[in-house]
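Structural description and commentary
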Amino acid sequence: MTLIDVFRARRRIAPYIRRTPLISSAWLSELARGVVSLKLESLQLSNSFKSRGAFNAVIARLERGSAAPARLVTASAGNHGRALAAAAEIFRLPLVVFTPVDAPHSKVAAIRRHGAELRAEGRDYDDAERLARAFAAETGAEFISPYNDADVIAGAATIALEIAEDDGDINVIVVPIGGGGLISGIAAATKAIDPDIEIVGVEVEASCAFQTSVGAGHLVPIVPGPTLADGLGGNPDPDTITFGLIQQLVDRIVTVSEEDLASAIVGLVESDHLVAEGAGAAAAAALVGKRIDVAGRRVGVIVSGANIDRRRLADLLARPG
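Here goes a summary of the coordinates provided. (Residues numbered from 1 in each chain as written. Predicted model: local features only at pLDDT ≥ 70, side-chain atom pairs only at ≥ 80, totals over all residues. Heavy atoms only, no water.)

Looking now at the sheet that holds strand β1 (residues 22-24). Ordered in space as β1-β2-β10-β7-β8-β9, the six strands form an open sheet in which the pairing is mixed. Looking at which strands have only one partner, the edges of the open sheet turn out to be β1 and β9 (252-256). If you compare each strand with its neighbour and ignore which way they point, the axes differ by 25° on average. Looking at chain direction, β1 and strand β2 (residues 35-40) are connected through three bridges and run antiparallel. Bridge pairing in β2 places I23 opposite L38. (Pairing = 2+ DSSP bridges. Helix = DSSP H or I, 4+ residues; strand = E, 2+ residues; numbered from the N terminus. Axes fitted to C-alpha atoms, helices over the stretch in contact; angles between N-to-C directions.)

In structure tokens, the structure reads:
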């Protein structure tokens, strides 16, 4: 992927996505002893950065093909499925979305609302992806991965263009890692603009496939545990292109605890009046939990999504202290 691919993606998706704001965060700046700004993909049209990759993947396929795909299929913890459902609705493409059985209600309700066929049948994300790939093989539907897809990654990379344009002095960008599509895109575009900008990835302790694999030098299967950051759980595709990009372009990967995540979600509400889901708050959690030292630096933190169920958010906000 080159910057030309990213600029092409920005042109394609501009009518369908929102240019999200980059705002300063006084409480995180004080906590980290740096200058911290939040890139609010939580305010994206689907309340997640996934809209960028989903629309770019659909439009790029329509541009390249002589005919529209007969049917699309994907696997998702929720946000990618919601975003792809919105794109499929606009371009009148049938879509089947496989999710875990316990995917958050706010996410699966939106998938249905956009008219996609929802199959909440997976034991977890890994199982949902196996089911989606089997469906594609059996029916001829085109599988669009939430992360292992060059067009999806190029769409996510448009975030880096906006950060560079809005604050050219940022020298650290902190990004959550699930399947690796978001950080791969941001890292590739950012390093092309300025190789000296540090890219820090954040995984959860309960599911740290990339930190484990980068240390080993090859992808290592893990057993994911339960986590507030449902969008970050699971193993990546063994053939994912994101692993090589992360190896090459991401400067370091840290992990955050469930307590870090909970504190970050509450802190974003109390101090910045922002709603973030667990995965969306993971980058902020790395500062809250002091997992990285950014004192004296100018930091961009990706708030990647806001699709958290009301009861879960209420429970977190009701915690003492």
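On to the pattern of salt bridges, then. If the charged atoms of two oppositely charged side chains come close together, the side chains can form a pair. Taken as a whole and assessed by the stated rule, the structure comprises 25 salt bridges. Ionic pairing is found between K39 and E162, a salt bridge with its closest N-O pair at 2.6 Å. You can see K39 sitting in strand β2 and its partner E162 sitting in helix α7 (residues 150-166), a full 123 residues away along the chain. Judged by its relative accessible area of 1%, K39 falls in the buried class. Given the relative accessible area of 3%, E162 is considered buried. (Salt bridge = Lys/Arg side-chain N within 4 Å of Asp/Glu carboxyl O. Buried < 20%, exposed > 50% of the residue type's maximum accessible area, 1.4 Å probe, protein only.)

Right, let's get into the packing of helix α1 (residues 3-13) against α7. Packing of α1 against α7 brings their axes to within 8 Å, and their N-to-C directions diverge by 95°. In terms of axis orientation, α1 runs roughly perpendicular to α7. Here α1 contributes L3, D5, V6, F7, A9, R10 and I13 to the contact with α7, which in turn contributes A154, G155, A157, T158, L161, E162 and E165. Residues that form the contact of α1 with α7 fall into these classes: eight nonpolar, two polar and four charged. (Parallel < 35°, antiparallel > 145°, perpendicular 65-115°, else oblique. Contact = heavy atoms within 4.5 Å. Nonpolar A, V, L, I, M, F, W, Y, C, P; charged D, E, K, R; others polar.)

The next thing to look at is the environment of A32. With respect to the secondary-structure elements, A32 resides in helix α2 (residues 26-32). With a relative accessible area of 10%, A32 lands in the buried category. In sequence terms A32 and A295 are 263 residues apart; their C-alpha atoms lie 5.9 Å from each other. Once residues lying within four places of it in the same chain are set aside, the contact partners of A32 are L287, V294 and A295.

Our focus in this paragraph is unusual backbone geometry. If you check the backbone angles, N47 has positive phi at about 60° while not being a glycine. Here N47 is to be found in the loop between β2 and α3 (50-64). Note on N47: relative accessible area 26%, which makes it partly exposed. With a phi close to 55°, K290 is a non-glycine residue in the positive phi region. Locating K290 in the fold gives a position in the loop between α12 (282-288) and β10 (298-303). With relative accessibility at 56%, the residue K290 sits in the exposed group.

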